[in-house]
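A closer look at the structure
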Amino acid sequence: AQSVTQLGSHVSVSEGALVLLRCNYSSSVPPYLFWYVQYPNQGLQLLLKYTSAATLVKGINGFEAEFKKSETSFHLTKPSAHMSDAAEYFCAVTQTTSGTYKYIFGTGTRLKVLA
Amino acid sequence: EPEVTQTPSHQVTQMGQEVILRCVPISNHLYFYWYRQILGQKVEFLVSFYNNEISEKSEIFDDQFSVERPDGSNFTLKIRSTKLEDSAMYFCASGSGPLRHEQYFGPGTRLTVT
(Lines give C-alpha, C1' and ligand atoms only; values in the text may rest on other atoms or scores of the structure.)
Protein backbone atom coordinates (compact mmCIF):
# COMPACT_ATOMS: atom_id res chain seq x y z
CA ALA A 1 0.00 0.00 0.00
CA GLN A 2 1.13 3.52 -0.68
CA SER A 3 1.69 6.03 2.08
CA VAL A 4 2.93 9.54 2.66
CA THR A 5 4.91 10.92 5.57
CA GLN A 6 5.23 14.62 6.26
CA LEU A 7 7.93 15.42 8.77
CA GLY A 8 7.09 18.33 11.01
CA SER A 9 3.48 19.07 11.79
CA HIS A 10 4.39 22.71 12.39
CA VAL A 11 7.05 24.77 10.63
CA SER A 12 7.86 28.40 11.37
CA VAL A 13 9.93 30.61 9.10
CA SER A 14 10.67 34.30 9.01
CA GLU A 15 9.24 36.39 6.21
CA GLY A 16 11.73 36.29 3.32
CA ALA A 17 13.35 33.05 4.47
CA LEU A 18 13.42 29.76 2.62
CA VAL A 19 10.43 27.50 3.03
CA LEU A 20 11.10 23.75 3.08
CA LEU A 21 8.27 21.33 3.76
CA ARG A 22 9.16 17.66 3.71
CA CYS A 23 7.28 14.80 2.13
CA ASN A 24 8.39 11.21 1.76
CA TYR A 25 6.34 8.58 0.05
CA SER A 26 6.16 4.84 -0.05
CA SER A 27 5.10 3.18 -3.26
CA SER A 28 5.83 -0.03 -5.08
CA VAL A 29 4.97 1.55 -8.42
CA PRO A 30 5.88 4.94 -9.88
CA PRO A 31 3.75 7.40 -7.97
CA TYR A 32 1.94 10.54 -8.88
CA LEU A 33 2.50 13.16 -6.21
CA PHE A 34 0.74 16.35 -5.29
CA TRP A 35 0.99 19.26 -2.93
CA TYR A 36 -2.18 20.98 -1.80
CA VAL A 37 -2.60 24.08 0.34
CA GLN A 38 -5.47 24.72 2.72
CA TYR A 39 -6.07 28.23 4.01
CA PRO A 40 -8.17 28.63 7.16
CA ASN A 41 -11.78 27.62 6.65
CA GLN A 42 -11.21 26.90 2.99
CA GLY A 43 -10.90 23.87 0.75
CA LEU A 44 -7.83 22.27 -0.76
CA GLN A 45 -6.07 24.09 -3.56
CA LEU A 46 -3.65 22.32 -5.86
CA LEU A 47 -0.17 23.83 -5.65
CA LEU A 48 1.68 21.48 -7.98
CA LYS A 49 1.85 17.92 -9.20
CA TYR A 50 4.38 15.34 -10.35
CA THR A 51 3.17 12.88 -12.97
CA SER A 52 6.41 11.30 -14.24
CA ALA A 53 7.50 14.15 -16.49
CA ALA A 54 10.09 16.67 -15.25
CA THR A 55 11.40 15.89 -11.77
CA LEU A 56 11.48 19.57 -10.81
CA VAL A 57 7.94 20.81 -10.76
CA LYS A 58 6.95 24.44 -10.52
CA GLY A 59 3.64 25.40 -9.05
CA ILE A 60 1.62 28.44 -8.15
CA ASN A 61 2.67 31.22 -5.78
CA GLY A 62 6.39 30.59 -6.35
CA PHE A 63 6.42 27.07 -4.92
CA GLU A 64 8.29 24.19 -6.45
CA ALA A 65 9.03 20.59 -5.58
CA GLU A 66 11.60 18.08 -6.70
CA PHE A 67 10.86 14.40 -7.15
CA LYS A 68 13.81 12.30 -5.95
CA LYS A 69 13.24 8.64 -6.57
CA SER A 70 16.40 7.57 -4.76
CA GLU A 71 15.24 9.34 -1.62
CA THR A 72 11.51 8.66 -2.15
CA SER A 73 10.96 12.33 -1.49
CA PHE A 74 8.94 15.18 -2.90
CA HIS A 75 9.83 18.17 -0.74
CA LEU A 76 8.13 21.52 -1.27
CA THR A 77 10.22 24.68 -1.35
CA LYS A 78 9.85 28.40 -1.82
CA PRO A 79 12.88 30.70 -1.86
CA SER A 80 11.28 33.54 0.06
CA ALA A 81 8.33 33.18 2.40
CA HIS A 82 5.51 35.67 2.36
CA MET A 83 3.01 36.30 5.13
CA SER A 84 0.25 35.07 2.82
CA ASP A 85 1.91 31.63 2.67
CA ALA A 86 0.72 30.86 6.18
CA ALA A 87 -1.54 27.85 5.73
CA GLU A 88 -1.61 24.08 6.04
CA TYR A 89 0.12 22.08 3.35
CA PHE A 90 -0.71 18.53 2.42
CA CYS A 91 1.32 16.11 0.36
CA ALA A 92 -0.64 13.38 -1.42
CA VAL A 93 0.10 10.32 -3.51
CA THR A 94 -2.30 8.63 -5.83
CA GLN A 95 -3.18 5.02 -5.51
CA THR A 96 -5.04 3.46 -8.35
CA THR A 97 -7.45 0.60 -8.12
CA SER A 98 -10.51 -0.09 -10.21
CA GLY A 99 -9.45 2.50 -12.73
CA THR A 100 -9.73 5.54 -10.49
CA TYR A 101 -7.09 7.36 -8.51
CA LYS A 102 -7.83 7.94 -4.87
CA TYR A 103 -5.50 10.20 -2.93
CA ILE A 104 -3.55 9.16 0.11
CA PHE A 105 -2.75 12.27 2.11
CA GLY A 106 -0.04 13.02 4.58
CA THR A 107 -0.88 14.42 7.99
CA GLY A 108 -0.17 17.97 6.89
CA THR A 109 2.30 20.67 7.87
CA ARG A 110 1.10 23.97 9.26
CA LEU A 111 3.33 26.77 8.06
CA LYS A 112 3.66 29.87 10.17
CA VAL A 113 5.39 32.93 8.75
CA LEU A 114 6.90 35.33 11.25
CA ALA A 115 7.15 39.04 10.54
CA GLU B 1 -12.66 29.26 -13.86
CA PRO B 2 -14.82 26.20 -13.18
CA GLU B 3 -14.97 25.08 -9.58
CA VAL B 4 -16.50 22.44 -7.37
CA THR B 5 -19.22 23.76 -5.11
CA GLN B 6 -20.66 22.24 -1.95
CA THR B 7 -23.75 22.95 0.12
CA PRO B 8 -24.33 23.61 2.90
CA SER B 9 -21.10 25.08 4.19
CA HIS B 10 -22.02 24.04 7.72
CA GLN B 11 -24.56 21.48 8.88
CA VAL B 12 -25.49 20.81 12.47
CA THR B 13 -27.51 17.69 13.18
CA GLN B 14 -28.48 15.51 16.09
CA MET B 15 -27.12 12.03 16.55
CA GLY B 16 -29.22 9.48 14.69
CA GLN B 17 -30.49 11.91 12.09
CA GLU B 18 -29.94 11.56 8.37
CA VAL B 19 -27.93 14.16 6.51
CA ILE B 20 -27.33 14.75 2.83
CA LEU B 21 -24.28 16.67 1.73
CA ARG B 22 -24.43 18.08 -1.75
CA CYS B 23 -21.78 18.75 -4.33
CA VAL B 24 -21.77 20.12 -7.84
CA PRO B 25 -18.63 18.83 -9.59
CA ILE B 26 -16.97 20.52 -12.53
CA SER B 27 -19.27 19.97 -15.47
CA ASN B 28 -17.10 17.91 -17.82
CA HIS B 29 -15.57 15.75 -15.10
CA LEU B 30 -16.37 12.07 -14.94
CA TYR B 31 -14.78 10.95 -11.66
CA PHE B 32 -16.14 12.00 -8.31
CA TYR B 33 -14.85 11.58 -4.81
CA TRP B 34 -15.71 12.22 -1.20
CA TYR B 35 -13.08 12.74 1.47
CA ARG B 36 -13.36 13.73 5.10
CA GLN B 37 -11.12 15.52 7.54
CA ILE B 38 -11.74 15.14 11.24
CA LEU B 39 -10.59 18.24 13.10
CA GLY B 40 -6.82 18.23 13.48
CA GLN B 41 -6.35 15.08 11.43
CA LYS B 42 -5.43 14.30 7.87
CA VAL B 43 -7.75 14.14 4.90
CA GLU B 44 -9.09 10.61 4.38
CA PHE B 45 -10.58 9.01 1.30
CA LEU B 46 -14.17 7.82 1.60
CA VAL B 47 -15.40 6.82 -1.83
CA SER B 48 -14.89 7.22 -5.55
CA PHE B 49 -17.66 7.17 -8.12
CA TYR B 50 -17.58 6.69 -11.87
CA ASN B 51 -20.14 5.78 -14.50
CA ASN B 52 -22.94 5.88 -11.94
CA GLU B 53 -21.43 3.39 -9.58
CA ILE B 54 -18.96 3.22 -6.74
CA SER B 55 -15.46 2.45 -7.97
CA GLU B 56 -13.83 2.09 -4.61
CA LYS B 57 -14.68 2.76 -0.98
CA SER B 58 -12.69 2.85 2.20
CA GLU B 59 -13.37 0.96 5.39
CA ILE B 60 -14.86 4.17 6.78
CA PHE B 61 -17.59 4.05 4.15
CA ASP B 62 -19.86 1.54 5.85
CA ASP B 63 -23.55 0.81 5.35
CA GLN B 64 -24.47 4.13 6.94
CA PHE B 65 -23.02 5.97 3.96
CA SER B 66 -24.29 6.16 0.41
CA VAL B 67 -23.58 8.27 -2.64
CA GLU B 68 -25.72 9.21 -5.55
CA ARG B 69 -25.63 11.24 -8.69
CA PRO B 70 -29.36 11.95 -8.99
CA ASP B 71 -29.07 14.15 -12.07
CA GLY B 72 -26.42 15.35 -14.44
CA SER B 73 -24.94 17.88 -12.07
CA ASN B 74 -25.26 16.92 -8.41
CA PHE B 75 -23.28 14.39 -6.43
CA THR B 76 -24.53 13.64 -2.93
CA LEU B 77 -23.25 11.92 0.17
CA LYS B 78 -25.89 10.60 2.55
CA ILE B 79 -25.24 9.52 6.10
CA ARG B 80 -28.23 7.51 7.22
CA SER B 81 -27.92 7.71 10.98
CA THR B 82 -25.25 10.12 12.12
CA LYS B 83 -22.90 9.39 14.99
CA LEU B 84 -20.82 11.81 17.03
CA GLU B 85 -17.70 10.54 15.31
CA ASP B 86 -19.08 11.58 11.92
CA SER B 87 -18.36 15.19 12.87
CA ALA B 88 -15.81 16.33 10.32
CA MET B 89 -15.21 18.46 7.26
CA TYR B 90 -16.40 16.62 4.17
CA PHE B 91 -14.78 17.45 0.85
CA CYS B 92 -16.10 16.62 -2.56
CA ALA B 93 -13.65 16.37 -5.43
CA SER B 94 -13.89 15.75 -9.13
CA GLY B 95 -11.47 14.83 -11.86
CA SER B 96 -11.55 14.55 -15.60
CA GLY B 97 -10.04 11.10 -15.59
CA PRO B 98 -7.10 8.99 -14.53
CA LEU B 99 -4.83 10.34 -17.24
CA ARG B 100 -5.07 13.84 -15.81
CA HIS B 101 -4.61 12.60 -12.25
CA GLU B 102 -5.39 15.79 -10.39
CA GLN B 103 -8.58 16.26 -8.46
CA TYR B 104 -10.31 19.55 -7.82
CA PHE B 105 -11.73 20.01 -4.36
CA GLY B 106 -14.74 21.90 -3.17
CA PRO B 107 -14.66 24.20 -0.13
CA GLY B 108 -16.09 21.51 2.12
CA THR B 109 -19.10 21.04 4.36
CA ARG B 110 -18.46 21.13 8.07
CA LEU B 111 -20.73 18.55 9.69
CA THR B 112 -21.30 18.83 13.41
CA VAL B 113 -23.19 16.00 15.12
CA THR B 114 -24.48 16.80 18.59
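Look above for the structure.
The paragraphs below set out a description of the structure included in this document.

Details of the nonpolar core
By size, the foremost hydrophobic cluster in this structure holds 28 residues, and its most contacted members are Trp35, Leu48, Phe74, Leu76 and Tyr89 of chain A. Residue assignment for this core shows that the elements contributing at least two residues are strand E2 (10–14), strand E3 (19–21), strand E5 (33–38), strand E6 (44–50), strand E8 (64–68), strand E9 (73–78), strand E10 (87–97) and strand E12 (109–114) of chain A. In terms of residues, this core owes the most to one element, E10 of chain A, which gives four residues. Among all residues touching leucine 76 of chain A, those that are not within four sequence positions of it are Val19, Leu20, Leu21, Trp35, Leu47, Leu48, Phe63, Glu64, Ala65 and Tyr89 of chain A. Grouped together as the second largest cluster of nonpolar side chains are 23 residues, Ile26, Ile60, Leu77 and Val113 of chain B included.

Some thoughts on the sheet that holds strand E1 (residues 5–7) of chain B
All names here are of chain B. Overall, antiparallel pairing links the four strands, which are arranged E1-E3-E8-E7 in an open sheet. Strands with a single pairing partner mark the edges of an open sheet, and in this sheet they are E1 and strand E7 (65–68). The average undirected angle you get between the axes of adjacent strands in this sheet is 20 degrees. In terms of strand pairing, E1 meets strand E3 (residues 19–24) through three bridges, oriented antiparallel. Considered in E3, the bridge of threonine 7 is made with arginine 22.

A short note on the state of the cysteines
Evaluated as defined, the whole model comprises two disulfides over all chains. The side chain of cysteine 23 of chain A participates in a disulfide bridge whose partner is cysteine 91 of chain A; the two sulfur atoms lie 2.0 Å from each other. With the S-S dihedral at roughly -65 degrees, the linkage between cysteine 23 of chain A and cysteine 91 of chain A falls on the left-handed side. Placement of the pair is cysteine 23 of chain A in the loop between E3 and strand E4 (24–26) and cysteine 91 of chain A in strand E10, with a sequence separation of 68 residues. For the pair cysteine 23 of chain A and cysteine 91 of chain A, one class covers both residues: buried. The residue that forms a disulfide with cysteine 23 of chain B is cysteine 92 of chain B, at a sulfur-sulfur distance of 1.9 Å. An S-S torsion of about -65 degrees defines the bridge between cysteine 23 of chain B and cysteine 92 of chain B as left-handed.

The rules behind each value
- Residues numbered from 1 in each chain as written.
- Chains lettered and ligands numbered in written order.
- Predicted model: local features only at pLDDT ≥ 70, side-chain atom pairs only at ≥ 80, totals over all residues.
- Heavy atoms only, no water.
- Core = buried A, V, L, I, M, F, W, Y, C linked by side-chain atoms within 4.5 Å.
- Buried < 20%, exposed > 50% of the residue type's maximum accessible area, 1.4 Å probe, protein only.
- Helix = DSSP H or I, 4+ residues; strand = E, 2+ residues; numbered from the N terminus.
- Contact = heavy atoms within 4.5 Å.
- Pairing = 2+ DSSP bridges.
- Axes fitted to C-alpha atoms, helices over the stretch in contact; angles between N-to-C directions.
- Disulfide = S-S within 2.5 Å.

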